[in-house]
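Given next are the chains, with one letter for each unit.
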Amino acid sequence: MKKLFIVGTGPGDLALLTPKAKAAISACTEVVAYGLYIDLLGELAAAKNQHTLPLGEEINRARLALDLASQGKNTALISSGDIGIYAMATLVFELLDRQLQNLEDSPQWLDVEIEVIPGISAMQAGASAVGAMLGHDFCTISLSDLLTPWETIKKRIECAAAGDFVVSFYNPVSKKRDWQLNAARDILLQSRPASTPVMIGRQLTRAEQQINIIELQHLAAKDVDMFTMVSVGNSESRHIINGSKEWVYTPRGYSKKLS
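What you see is a predicted model, and the numbers here were worked out from it, not measured in a lab.

## Here we look at the overall build of the protein chain
Thought 1: When helices and strands are tallied, the protein chain shows nine helices and 13 strands.
Thought 2: Each principal axis of the C-alpha atoms in the protein chain carries an extent, and together these give about 60 × 40 × 40 Å.
Thought 3: Within the protein chain, buried positions represent 44% of all 259 residues.
Thought 4: Of the roughly 13400 Å² that the protein chain leaves accessible, carbon and sulfur atoms contribute 51%.
Thought 5: Averaging the positions of the 25 positive and the 28 negative side-chain charges in the protein chain gives two centres separated by 4 Å.

Laid out in structure tokens, this is it:
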């Protein structure tokens, strides 16, 4: 059997690794991933043949996984979070699409059986950590302009602002890119209150987890790094405090029934 599992392993806490993902990794002899994602799996990946490629080598990672699977080796291509959200799943299918167009020279890939296994995303982990931030319509936007032009990203932020969506920003900053988050903040401030709650979650569900709830007017790129998820509430999102406990939720409209 030529089988490739495309697996999302969740944000980091192994308790959030789904049973299906665990079973898929257990059934494989080969695991392909960025090294950190394999490290987070601990003993589950310890006895596997580990194929690690650094950040920036995503295309080669996907090609390697397809090659290993086409050789008859049960293979797991792994990303943290959900592998279908800003991760490796789409790249595998793009390569298969290219092969069908004869733009690649790997016809053996087309014989590989593929199963995509979703995982809990950082967006979900962050929202649950502060309560129910995604209780109404929401969207995700990546602020990385490495593959998408800034003008396209800017238009999407403007549309999300106009639609009053809760917005979760992936790839908010990097070592070489630190201005887009502030620009996104300024766009959102044009149409929602300065006091709009924002969840800043770093290393979500991992031992180093840090979560802060701030107002949109205080959101600044200097307080965020590449391991951080930023979720901005909509104009109705509420930050509530009960002693030492604080929560953020986004109403869905039940107030009409409650009153």
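More follows now that the structure is in view.
## Observations regarding the pattern of salt bridges
For side chains of opposite charge, pairing can occur when their charged atoms come near one another.
Thought 1: Counted by the stated rule, this structure contains eleven salt bridges.
Thought 2: Glu158 is the partner of Lys154 in a salt bridge, and the nearest nitrogen-oxygen pair spans 2.7 Å. Here Lys154 pairs with Glu158, and both are found in helix 7 (residues 150-162), just four residues apart, close to one helical turn.
Thought 3: The exposure class assigned to Glu158 is partly exposed, which follows from its relative accessible area of 35%.
Thought 4: Each member of the salt-bridge network shares a partner with another, and the members are Lys3, Lys20, Glu113 and Glu115.

## A short note on the nonpolar core
Thought 1: Membership of the largest hydrophobic core comes to 23 residues, with the highest contact counts inside it found for Ile141, Leu143, Ile157, Phe169, Leu181 and Val230.
Thought 2: Of all elements in the fold, only strand 7 (138-142), helix 7, strand 8 (166-170), helix 8 (180-189), strand 9 (197-202) and strand 11 (228-232) reach the threshold of two or more residues within this core.
Thought 3: Dropping the residues within four chain positions of it, Ile157 is found in contact with Ile141, Leu143, Trp150, Phe169, Ala184, Ile187 and Leu188.
Thought 4: Core analysis: the second largest hydrophobic core is formed by 19 residues, Ile6, Ala65, Leu68 and Met88 among them.

## Points about the sheet that holds strand 12 (residues 238-242)
Thought 1: Pairing is mixed in the open sheet, where three strands are placed in the order 6-13-12. For this open sheet the edge positions go to strand 6 (131-132) and strand 12, each flanked by a neighbour on one side alone.
Thought 2: Where strand 12 meets strand 13 (residues 245-249), five bridges bridge the pair, whose relative direction is antiparallel. Bridging across to strand 13, Arg238 finds its partner in Tyr249.

## Remarks on the packing of helix 4 (residues 58-70) against helix 5 (residues 89-100)
Thought 1: At their nearest, the axes of helix 4 and helix 5 sit 9 Å apart, and the two run at 70° to each other. Judged by the angle between their axes, helix 4 and helix 5 are roughly perpendicular. With respect to the hand of their crossing, helix 4 and helix 5 are arranged in right-handed fashion. Listed contacts from helix 5 to Glu58, Ile59, Ala62, Arg63 and Leu66 of helix 4 are Leu91, Val92, Leu95 and Leu96.
Thought 2: Residue composition of the contact of helix 4 with helix 5, grouped by class: seven nonpolar, no polar and two charged.

Rules and cut-offs
- Residues numbered from 1 in each chain as written.
- Predicted model: local features only at pLDDT ≥ 70, side-chain atom pairs only at ≥ 80, totals over all residues.
- Heavy atoms only, no water.
- Helix = DSSP H or I, 4+ residues; strand = E, 2+ residues; numbered from the N terminus.
- Buried < 20%, exposed > 50% of the residue type's maximum accessible area, 1.4 Å probe, protein only.
- Areas by Shrake-Rupley, 256 points an atom, 1.4 Å probe, with all protein chains shown as cover.
- Lys, Arg positive; Asp, Glu negative; His and termini not counted.
- Charge placed at Lys NZ, Arg CZ, Asp CG, Glu CD.
- Salt bridge = Lys/Arg side-chain N within 4 Å of Asp/Glu carboxyl O.
- Core = buried A, V, L, I, M, F, W, Y, C linked by side-chain atoms within 4.5 Å.
- Contact = heavy atoms within 4.5 Å.
- Pairing = 2+ DSSP bridges.
- Axes fitted to C-alpha atoms, helices over the stretch in contact; angles between N-to-C directions.
- Parallel < 35°, antiparallel > 145°, perpendicular 65-115°, else oblique.
- Left-handed = near helix turned anticlockwise from the far one by under 90°.
- Nonpolar A, V, L, I, M, F, W, Y, C, P; charged D, E, K, R; others polar.

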